[in-house]
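For reference, the chains in residue letters:
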Amino acid sequence: MATLLLLSRSAIPAAAAFSSRMSSGAVRTVASASASASDAATMKGRATFLMNVFPTDDARRRRRSRRRTPATSAVEMTSDSDSTTAAAAATDLSPYENKSNVRDQVFSAMSSDGGIKVTACTVRNLVNDVMMMHSLTAVPADALGRAMACSVLLSNGMQDEQVFQMTVDGDGPLRGVVSISDGLGQVRGYVGTPALGDIPLKEAVGKGVIKVVKNHPTWPNPYNGISAMSYMDIDRDVGIYLAESEQRSCALAAATSVSGILCKAAGGYLVERLPDCPDETMRTVEVNLARLVERDGTTDAVPTGLLLDGVTPLEIAEVVLEGLGMEPLQQIEPRAKCRCSEERLLRSLRLLPRAEVEEILAKEEQIEARCQFCGRVYRMGPDEVRARMEEAKGDPSKDGDVEL
């Protein structure tokens, strides 16, 4: 039986300039003299910012003094800051509550001074859905869950039609991970090997590269990036990519807690320093992050300890921004959504030489295709294939000719 792999053109990874990511982990204490080197390594990038790329306070003050007009006084600035903090305190947060993380959620907020953005998510239901779609065992589920959590965090705030794709291309027995998300939180993905035994995630992923593709229907060309993996546990490499390739000073963590065929918790957070963020704000956030990681209590699986205890994305953001004021930005509910269709299958057939299609029909007496993202199987008989190929119009190499 001939089987075609049904993929959209946007799922074909391209390579250019990408970078590596952050460090894993949760340590028990913040800066204890007894903390081991491995504990410090796992905290880096999760409880500390990987990279500080913005000007110092002194340089920032000098720049502002050149811009400031005489009418702008320190009293006025303080008054504006106080009013912003008061407004944030009066914000009704009840729409963002998610008791016991019953529903999947991506929540984002900003500090009152505009210096820090926090995005946190819980995606347990999403991971359970894809586990059933692909009959995943624990290790592949953990890999795909981490990749999907990173995807929804990084696609948050994008335009609805914009797409973020991440490919983990390692030489381990997992044989790669692909996760794609858009600005609406619609996610799809797959792993090369759905069933693996109980082996460490790093061993399953293996050495290789992480590839990122960002695209939008109106862009003439997609953005492509690639970098070697340093840690092979997915979320840390994504963090280094953000710091080195996109020059974004951030802390990121993503993980899952899988028991047998059930995902009990999955999610992550992304804390990003924005331009003109005061150094004092940074110091406060890093103290808050260290407290958050210590409270989580897991090793290399932050923030699943918190999620298992019922801590919500809203509450994670509140801890990170404690003492800084919090202004909610948005929330979305991520969900698994595949874009496969018979039209996409037909387009794939039209991209093949007609002689090759006829050879498959003569040998197999049908065309069968299985979607790699959702597992749906499509079958078309010889007469249907020939008739629909004759009726088809347009250029099959263009996604615009196919309903997405």
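Refer to the preceding data block for the structure.
J.: Tell me about the overall build of the protein chain, and please be specific about residues and values.
T.: Regarding its fold elements, the protein chain presents 13 helices and 14 strands. Buried residues in the protein chain amount to 50% of all 404 residues. A separation of at least 24 residues holds for 72% of the contacts in the protein chain among residues at least 6 apart in sequence. Only carbon and sulfur atoms are counted for the fraction: they give 51% of the accessible area of the protein chain, which is about 18,100 Å².

J.: Describe the pattern of salt bridges, with residues and values.
T.: All chains considered together, the criterion is met by 17 salt bridges. The shortest N-O distance in the salt bridge between Asp235 and Arg146 comes to 3.2 Å. With Asp235 in helix H7 (residues 235–244) and Arg146 in helix H5 (residues 138–155), the pair connects residues that are 89 residues apart, well separated along the chain. Each of the two residues, Asp235 as well as Arg146, counts as buried. Where Glu322 meets Arg291, a salt bridge forms, and the shortest distance between an N and an O atom there is 3.8 Å. Placement of Glu322 in the loop between helix H10 (313–320) and strand E11 (326–332) and of Arg291 in helix H8 (residues 279–296) is noted, with a sequence separation of 31 residues between them.

J.: Before we move on, could you go through the sheet that holds strand E12 (residues 335–336) and cite the residues and values that matter?
T.: An order of E8-E7-E4-E5-E6-E12 is seen for the six strands of this open sheet, with the pairing classed as mixed. In this open sheet, the two strands that pair with only one neighbour each are strand E8 (223–228) and E12.

J.: Describe a negative patch on the surface, naming the residues involved and giving the relevant values.
T.: There is a patch of like negative charges on the surface, built from Asp92, Glu97, Glu315 and Glu318. Here Glu315 shows up in helix H10. What makes Glu315 partly exposed here is its relative accessible area of 34%.

J.: Please give an account of the sheet that holds E11 that cites residues and values.
T.: Consider a sheet: its strands pair through backbone hydrogen bonds, and that pairing is either parallel or antiparallel. Read across the open sheet, the five strands follow the order E9-E10-E3-E2-E11; overall the sheet is antiparallel. The sheet terminates laterally at strand E9 (250–259) and E11, the two strands that pair on one side only. Strand-to-strand twist in this sheet, taken as the mean axis angle between neighbours without regard to direction, amounts to 10°. Sheet topology note: the strand E3 (residues 116–122)/strand E10 (residues 262–273) ladder contains seven bridges and is antiparallel. Bridge pairing in E10 links Lys117 to Glu272.

J.: Describe the packing of helix H11 (residues 342–351) against helix H13 (residues 382–391), with residues and values.
T.: Between H11 and H13, whose axes approach to 11 Å, the crossing angle comes to 80°. The orientation of H11 relative to H13 falls into the category roughly perpendicular. Counted together, Glu342, Glu343, Leu346, Leu349 and Arg350 of H11 and Glu384, Val385, Arg388 and Met389 of H13 form the full contact between these two elements. When its residues are assigned to classes, the contact of H11 with H13 shows four nonpolar, no polar and five charged.

J.: Any details on H5? Residues and values, ideally.
T.: Taking 1.5 Å of rise per residue, 18 residues should cover 26 Å, and H5 covers 25 Å from first to last C-alpha, within 8% of that figure. One or two residues past the end of H5 sits Gly157, with phi positive at roughly 95°.

Definitions and cut-offs
Residues numbered from 1 in each chain as written. Predicted model: local features only at pLDDT ≥ 70, side-chain atom pairs only at ≥ 80, totals over all residues. Heavy atoms only, no water. Helix = DSSP H or I, 4+ residues; strand = E, 2+ residues; numbered from the N terminus. Buried < 20%, exposed > 50% of the residue type's maximum accessible area, 1.4 Å probe, protein only. Contact = heavy atoms within 4.5 Å. Areas by Shrake-Rupley, 256 points an atom, 1.4 Å probe, with all protein chains shown as cover. Salt bridge = Lys/Arg side-chain N within 4 Å of Asp/Glu carboxyl O. Pairing = 2+ DSSP bridges. Patch = residues over 30% accessible without salt bridge, like charges linked within 9 Å, V, L, I, M, F, W, Y side chains within 5 Å. Lys, Arg positive; Asp, Glu negative; His and termini not counted. Charge placed at Lys NZ, Arg CZ, Asp CG, Glu CD. Axes fitted to C-alpha atoms, helices over the stretch in contact; angles between N-to-C directions. Parallel < 35°, antiparallel > 145°, perpendicular 65-115°, else oblique. Nonpolar A, V, L, I, M, F, W, Y, C, P; charged D, E, K, R; others polar. Expected span 1.5 Å × (residues − 1).

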